[in-house]
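Architecture and fold: a report
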Amino acid sequence: MSQKKGISALGFLILIILAAATGYFGYRTLNSPTFETNKPIISMPLERYWNTHHPFDVNLSDDTGLKEVVAYLSNGKERVKIADLTFKKPPKSYTLKIKYPKIGFATNSDQLQLTVVARDISKWHFFKGNNAVKKMRLRVDNQKPDLFSLITSYGITRGGSALAIFKATDQNLKELYVETNFGKRFEPTPFYKEGYYIVLLAWPIDQKRFSAKVVAVDETGNRTKARLSLFLKSRSYRTSYLQAKDCFINGKIADLAEDEPEKTKDLSPVEKLKFINETYRIQNDALIKKVTSRVDHNRVDAFPIRPFYPLKNGKVVASFGDHRYYWYQNKENVISESYHLGIDLASVRQDNIYSSNPGITVFANYNGIYGNNIIIYHGLGLYTVYGHCSTLLKKRGDLVKAGEVIAKTGATGLALGDHLHFSTMVHGIFVRPAEWMDSKWIQANITDVIENAKKLIDK
Ligand SMILES: [Zn+2]
């Protein structure tokens, strides 16, 4: 009895030892890299566009090491193996190049499926390792976008505007814009019929050269460029030297400096003039550029713009592009400079300011050197800006009819006497108002170009 009991006690002890050993080794096994259970990671989206002439990369990784990688391409009917790799030195990451098979594969299908299978070096799953499979739909697009410049204004003047109409077609068009030598991208607007686009262009006054190309990019990344050939007319602008009188510095300048008390409190009167005429001007111009950069993307059939005459009997007292130097006490002592990016019109005090074209009010507020400032959008990225007003009669969002009074002239902001500062903007760029105030220029460069384009399209 006692003998039997002794045996079973020993058997029990052996069992415990065995169980502990199994547990220990089992635990070791599960937590050892040799038996890990993490699948390899295949980094690819569910879908992408593909120009089959350009291979692309798929990144693979595994925490212990990759053993095998296989990839297939299928067009629904046939399936070809495009990669079959076994690694002698298992890498933790690998970049698989996906190339279109040169032979043995129908080339005319526009949808393919890529399957990537990766296995790691783990001994899990009876030494087979952990298996990962991922599939991706490939939309084949080997066709570059088609671009064709239909018509443009004859030329463009430095500081001025122009118009271009072109055709852009692609099955999967993604981006369309006009690229320039000065970094600005102009956004076109759909025009008249499917595939046609219209765009206003501007040659900024501070750029010596102008060149523009239409760029079309499709979903695959296929890219086409077409040059817009415009006759370039350079133009020189006036330089003038103005005396900065003490009454100006201690009057208008000191008043405007109050707008920015923190930045101007330690400045001398002359430094304040430089601050207002340069730093503050840049800030006020930046606001105008921001407000006038938006272009709408609804299709347009016409752009019946008429010349702008904001004041009934306005006399031009300063022109666009004047390079103004301010001197203090003697002519050699130039203390500040700036470009005048609009024209000044003067008539009687608090005269009516008219919008000659319909539009929508996009800004009606105080804006530093421009004082009470109203900005109207007329379509195609064309905006008009009215500064130094005494009263604004429209608020942001208000529609404006052609010939409507939108504000009254005044001397708010950096203005010495009652006058209107009138600026025209194309896609956020200050352009010569003289062109948009000239019926012959508008007809030759805008309206006729549009009419001729329609005739070419309908032909
Ligand atoms: Zn002005």
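Residues numbered from 1 in each chain as written. Predicted model: local features only at pLDDT ≥ 70, side-chain atom pairs only at ≥ 80, totals over all residues. Heavy atoms only, no water.

Here we look at the overall build of the protein chain
- Looking only at helices and strands, the protein chain features seven helices and 32 strands.
- Here the C-alpha atoms of the protein chain give a radius of gyration of 36 Å, more than 25% beyond the 23 Å that 2.2 N^0.38 yields for 459 residues.
- Seen through its C-alpha atoms, the protein chain measures out along the principal axes to roughly 130 × 65 × 45 Å.
- The buried share of the protein chain, taken over its 459 residues, is 47%.
- Considering only contacts within the protein chain whose residues lie at least 6 apart along the sequence, 69% involve residues at least 24 apart.
- Surface accessibility of the protein chain: about 24500 Å² in total, with carbon and sulfur atoms responsible for 53%.
- Charge separation in the protein chain, taken as the distance between the mean sites of 65 positive and 45 negative side-chain charges, equals 7 Å. (Helix = DSSP H or I, 4+ residues; strand = E, 2+ residues; numbered from the N terminus. Rg over C-alpha atoms; globule rule 2.2 N^0.38 Å. Buried < 20%, exposed > 50% of the residue type's maximum accessible area, 1.4 Å probe, protein only. Contact = heavy atoms within 4.5 Å. Areas by Shrake-Rupley, 256 points an atom, 1.4 Å probe, with all protein chains shown as cover. Lys, Arg positive; Asp, Glu negative; His and termini not counted. Charge placed at Lys NZ, Arg CZ, Asp CG, Glu CD.)

Section: the packing of aromatic side chains
- Scanning the entire structure with this criterion turns up 16 aromatic pairs.
- Where Phe182 meets Phe210, the ring centres are 6.0 Å apart and the plane angle is 40°; that geometry is what we call tilted. Of this pair, Phe182 sits in the loop between strand E12 (173-180) and strand E13 (185-186) while Phe210 sits in the loop between strand E15 (196-202) and strand E16 (212-218), placing them 28 residues apart in sequence.
- Exposure remark for Phe210: the relative accessible area of 6% places this residue in the buried category.
- Members of the aromatic cluster, connected to one another through ring pairs, are Trp50, Phe56 and Tyr100.
- It is Arg79 that lies over the ring of Tyr72; its NZ or CZ is 3.7 Å from the centre.
- If you follow Arg185 out to its NZ or CZ, it ends over the ring of Tyr177, 3.8 Å from the centre. (Phe/Tyr/Trp six-rings, centres within 6.5 Å; stacked < 30°, edge-to-face > 60°. Lys NZ or Arg CZ within 6 Å of the ring centre and 35° of its normal.)

Some points on the sheet that holds strand E30 (residues 404-408)
- If you walk across this open sheet you meet the three strands as E24-E30-E28, and the pairing is antiparallel. Every interior strand has two partners, whereas the edge strands, strand E24 (352-355) and strand E28 (391-392), have only one.
- Relative to E30, E28 is paired through two bridges, and the arrangement is antiparallel. Counterpart to Thr391 in the pairing with E30 is Lys408. (Pairing = 2+ DSSP bridges.)

Concerning the sheet that holds strand E7 (residues 111-120)
- Sheet architecture is open: five strands sit in the order E2-E8-E7-E4-E5, paired in mixed fashion. Each end of this open sheet is capped by a strand with a single partner; those strands are strand E2 (47-50) and strand E5 (79-86). Here the strands of the sheet are splayed against their neighbours by 25° on average, with no regard to which way each runs.
- One ladder, built from seven bridges, connects strand E4 (residues 66-74) with E5; its direction is antiparallel. (Axes fitted to C-alpha atoms, helices over the stretch in contact; angles between N-to-C directions.)

Notes on the environment of Glu278
- Here Glu278 lies in helix H5 (residues 269-291).
- When the C-alpha positions of Glu278 and Ser336 are compared, they lie 7.5 Å apart, and in sequence the two are 58 residues distant.
- Those residues in contact with Glu278 that sit more than four places away from it in its chain are Ser336 and Glu337.

Regarding the coordination of the zinc ion
- Coordination of the zinc ion by the protein is provided by His340 (NE2), Asp344 (OD) and His421 (ND1), with metal-donor distances spanning 2.0 to 2.1 Å.
- Taken in sequence order, the residues that donate to the zinc ion follow the motif H-x3-D-x76-H. In this pair, His340 is assigned in strand E22 (residues 334-340) and His421 in strand E31 (residues 420-426), connecting sequence segments 81 residues apart.
- By relative accessible area, which is 4% here, His421 ends up buried. (Donors = N, O, S within 2.8 Å, 3.2 Å for Na, K, Ca; no water.)

Focus on helix H7 (residues 439-458)
- The terminal C-alpha atoms of H7, which comprises 20 residues, lie 26 Å apart, in line with the 28 Å expected from a rise of 1.5 Å per residue.
- At Asp448, H7 shows its largest bend, some 35°.
- The set of residues buried in H7 consists of Trp441, Ile442, Asn445, Ile446, Val449, Ile450, Ala453, Lys454 and Ile457.
- In this structure, the buried side of H7 is in contact with strand E9 (146-152), strand E10 (155-157), strand E11 (161-169), E15 and helix H6 (433-436).
- Of the residues flanking the start of H7, the one acting as N-cap is Asp438, its side-chain oxygen 2.9 Å from the backbone nitrogen of Lys440. (Expected span 1.5 Å × (residues − 1). Bend = angle between axes of the 7 residues up to and from the residue. Polar contact = N/O pair within 3.5 Å; in protein donor to acceptor, adjacent residues only side chain to side chain.)

Comments concerning the pattern of salt bridges
- One pass over the structure, following the stated rule, counts 18 salt bridges.
- Across the pair Asp57 and Lys97 runs a salt bridge, and its minimum N-O distance is 2.7 Å. Placement of the pair is Asp57 in strand E3 (residues 56-61) and Lys97 in strand E6 (residues 93-98), with a sequence separation of 40 residues.
- On the basis of relative accessible area, Lys97 is assigned to the partly exposed category, the value being 48%.
- One salt bridge in this structure joins Asp458 and Lys193, with 2.6 Å as the shortest N-O distance. (Salt bridge = Lys/Arg side-chain N within 4 Å of Asp/Glu carboxyl O.)

Structural notes on H5
- Relative to the 33 Å expected for 23 residues at 1.5 Å per residue, H5 spans 31 Å between its end C-alpha atoms, a close match to the ideal helical length.
- Along H5, the sharpest kink reaches roughly 35°, centred on Arg281.
- Buried within H5 we find Leu273, Phe275, Ile276, Asn277, Tyr280, Arg281, Asn284, Asp285 and Ile288.

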